[in-house]
Amino acid sequence: MRIGIYPGSFDPLTNGHLDIAERAKSLCDRLIIAIAMNSAKHPLFSVQERLEFLHECCVCGSSSIEITSFEGLLVDYCREKGVTFIIRGLRAIVDFEYEFAIALLNKKLAPEIETIFLMSQSENSFISSNMVKEVASYGGDVTSLVPQFIHKKLREKYSSR
Ligand code: PNS
């Protein structure tokens, strides 16, 4: 059984994340999409809200996908869940150094777990959650960058501030 995990902050989920999740599904028998809880970060959306986004946009009744969150080291969580590979998206060369370092570190900590990188599609290669938040915070149009559901949630979040 090939169990893959697609970890991230997903604050919020973007069309780029969705594309990677969709393609990751076909690489494994079971895909875990997991929000890493990091007390040092100050996310715009709570873990509960981000779980709701993932459920709303990624599951579509599929029993081979698990949406969840975890605290602590990713490799520890992978071992607990029997994960064989970690999936990460690579948008551009700027992502490479950061992703390379994480992949090497994870390999050092857990040599049995591989990291697989999926290249973003060119139309998504510039999308980041941070940019989406910045544009949305100034009332800019992010409809082509995130699912409709997230667009609505961003509007609600920034109009209540
Ligand atoms: O979407 P992000 O913020 O780029 O995701 C980064 C993530 C969650 C994959 C990374 O921070 C992570 O694995 N966090 C869990 C803690 C951990 O294992 N740290 C060691 C590797 S940096």
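All chains use their own residue numbering, which begins from 1 and follows the written sequence. The model is predicted, so local features are restricted to residues of pLDDT at least 70 and side-chain atom pairs to those at 80 or more, both for listing and for counting; the totals for chains, interfaces and linings are taken over all residues. Heavy atoms from the whole structure form the basis of all side-chain values; hydrogens and water molecules are not counted.

1. Digging into the site of the ligand
Here is step 1 of the chain: Whether a residue is near a molecule or strand depends on its heavy atoms: if one lies within 4 Å, it is near. Residues in close proximity to the ligand total 13 residues, the closest being S9, A36, K41, L74 and R88.
Here is step 2 of the chain: Within the contact set of the ligand, an oxygen atom lies 2.9 Å away from a side-chain nitrogen or oxygen of K41.
Here is step 3 of the chain: Side-chain atoms alone can form a polar contact between residues adjacent in sequence; in general such a contact is a pair of N or O atoms within 3.5 Å, and within protein one must be able to donate a hydrogen while the other accepts it. Between R88 and the ligand, the recorded distance is 2.9 Å, taken from a side-chain N or O atom to an oxygen atom.
Here is step 4 of the chain: Accessible surface area values rest on a Shrake-Rupley calculation with a 1.4 Å probe, where residue burial reflects the displayed protein chains alone. If the ligand stood free it would expose 530 Å²; the protein chains cover 75% of that surface.
Here is step 5 of the chain: Numbering of helices and strands starts at the N terminus; helices are DSSP runs of H or I of at least 4 residues and strands are runs of E of at least 2. Counting residues per element, the shell around the ligand draws most heavily on helix α4 (residues 93–109), which supplies four residues.
Here is step 6 of the chain: Residue classes in the shell around the ligand are distributed as seven nonpolar, four polar and two charged. Any residue outside Ala, Val, Leu, Ile, Met, Phe, Trp, Tyr, Cys, Pro, Asp, Glu, Lys and Arg is labelled polar, Gly included; the first ten of those are nonpolar and the last four are charged.

2. Observations concerning unusual backbone geometry
Here is step 1 of the chain: In this model, D11 is joined to P12 through a cis peptide bond whose omega is 0°.
Here is step 2 of the chain: Relative to the elements of secondary structure, P12 occurs in the loop between β1 (3–8) and α1 (15–25).
Here is step 3 of the chain: One non-glycine residue, F10, lies in positive phi territory at about 50°.
Here is step 4 of the chain: By the secondary structure assignment, F10 is in the loop between β1 and α1.
Here is step 5 of the chain: When accessible area is computed with a 1.4 Å probe and restricted to protein chains, residues below 20% of their type maximum are described as buried, those above 50% as exposed, and intermediate ones as partly exposed. The class for F10 is buried, based on a relative accessible area of 3%.

3. Some thoughts on the environment of I5
Here is step 1 of the chain: Within the secondary structure layout, I5 lies in strand β1.
Here is step 2 of the chain: Its relative accessible area of 0% is what places I5 among the buried residues.
Here is step 3 of the chain: Once the C-alpha coordinates of I5 and L27 are considered, the two residues, 22 residues apart in sequence, prove to be 11 Å apart.
Here is step 4 of the chain: Setting aside residues up to four positions removed in sequence, I5 forms contacts with L31, I32, A34, L74, Y77, C78, V83, F85, I86 and I87. Any two residues having at least one pair of non-hydrogen atoms within 4.5 Å are treated as being in contact.

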